[in-house]
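# Secondary and tertiary structure notes
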Amino acid sequence: MSLSVAVRPSLRFAASRVVSSRQVVKATVPCICQAIRHNSTSAEANPKISSIVDQISGLTLLETADLVALLKSRLNIQDIAIPSAAAAPAAADASAAEPEPEPVQEKTMFNVKLESFETSAKPKIIKEVKSLLGLNLVESKKFVESAPKILRENVTKEDAEKIKATLEGLGAKIALE
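Let me begin by describing the structure that accompanies this report. (Residues numbered from 1 in each chain as written. Predicted model: local features only at pLDDT ≥ 70, side-chain atom pairs only at ≥ 80, totals over all residues. Heavy atoms only, no water.)

Before going further, it helps to spend a moment on the overall build of the protein. Regarding its fold elements, the protein presents 6 helices and 5 strands. If you list the helices and strands of the protein from N to C, you get β-β-α-α-α-β-α-α-β-α-β. Here the protein, with 177 residues, has 12% of them falling under the buried criterion. Taking all contacts inside the protein whose residues are at least 6 apart in sequence as the whole, residues at least 24 apart take part in 57%. Of the roughly 14,900 Å² of accessible surface on the protein, 56% is carried by carbon and sulfur atoms. (Helix = DSSP H or I, 4+ residues; strand = E, 2+ residues; numbered from the N terminus. Buried < 20%, exposed > 50% of the residue type's maximum accessible area, 1.4 Å probe, protein only. Contact = heavy atoms within 4.5 Å. Areas by Shrake-Rupley, 256 points an atom, 1.4 Å probe, with all protein chains shown as cover.)

A separate point is the packing of helix α4 (residues 122–133) against helix α5 (residues 137–145). Across the interface, α4 lies against α5 with an axial gap of 9 Å and an inter-helix angle of 115°. Taken together, the axes of α4 and α5 lie roughly perpendicular to each other. Handedness of the crossing formed by α4 with α5: right-handed. Note on element contacts: α5 touches α4 through L137, S140, K141, F143, V144 and E145, opposite K122, I125, I126, V129, K130 and L133. For the contact of α4 with α5, the class distribution of residues is 7 nonpolar, 1 polar and 4 charged. (Axes fitted to C-alpha atoms, helices over the stretch in contact; angles between N-to-C directions. Parallel < 35°, antiparallel > 145°, perpendicular 65-115°, else oblique. Left-handed = near helix turned anticlockwise from the far one by under 90°. Nonpolar A, V, L, I, M, F, W, Y, C, P; charged D, E, K, R; others polar.)

Our focus in this paragraph is the nonpolar core. Ranked by internal contacts, the top residues of the largest apolar core, which has 16 residues, are I125, L151, L167 and I174. When residues of this core are traced back to their parent elements, those giving at least two are β3 (109–117), α4, α5, β4 (149–156), α6 (157–170) and β5 (172–176). For L151, the contacting residues outside a window of four places in its chain are V112, K113, L114, V129, L133, F143, L167 and I174. (Core = buried A, V, L, I, M, F, W, Y, C linked by side-chain atoms within 4.5 Å.)

A147 connects to P148 through a cis peptide bond whose omega is 5°. The phi torsion at N154 lies on the positive side, around 55°, for a residue other than glycine. Within the secondary structure, N154 sits in strand β4.

With that settled, the discussion passes to the environment of V144. Note that V144 resides in helix α5. C-alpha of V144 to C-alpha of S116: the two residues are 28 residues apart in sequence and 8.5 Å apart in space.

Judged by pairing direction, the sheet is antiparallel, and its 3 strands sit side by side in the order β4-β3-β5 without closing on themselves. With one partner strand each, in any of the chains shown, β4 and β5 form the two edges of the open sheet. Strand-to-strand, the axes of this sheet are offset by a mean angle of 25°, without reference to chain direction. In terms of strand pairing, β3 meets β4 through 5 bridges, oriented antiparallel. Counterpart to F110 in the pairing with β4 is V155. Contacts from α4 reach β3, β4 and β5 within the one sheet, and its direction differs from that of β4 by about 45°. (Pairing = 2+ DSSP bridges.)

Taken as a whole and judged by the stated rule, the model has 3 salt bridges. The closest approach of N and O atoms between K141 and E145, which form a salt bridge, is 3.6 Å. Taken together, the residues K141 and E145, both in helix α5 and 4 residues apart, mark about one turn of the helix. Each of the salt bridges in this network shares a partner with another, and the network as a whole consists of K122, K141 and E145. (Salt bridge = Lys/Arg side-chain N within 4 Å of Asp/Glu carboxyl O.)

See below:
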């Protein structure tokens, strides 16, 4: 694949070269750029300003960022956020209204956790855990003895309170999380 590069003859030289895809073309082209002022009130800019503009326009992006940071620090310019036009009326309305306290969302789903139990109530709690979780007797015994452990996850508030009341009535300590 070849690439043809041509420069218009109006720039006082003409160059035409066929370049392969692996070659890098480095050409120095004299800059024939002039600052043109459109709709300007003054005919010519101050030469000092013009030279500064020419120097700044020759900087790389990183050099420009360093220049901006240096100017901000030397001239003691603070960083400010400029609000957009659409956000300005909304901000004015929000500041005029009294801040309303956000309603606290009530938790609807709970985890029922067996914290501990009375030793005398252990057989009753094992039977209740067996019926709640659908485990066999041996698994229920191991489950109860490994307390603290979560009995049920993502249970509605009513069901969680019902399970809590039942197990606390038998002698267990239950936590709703």
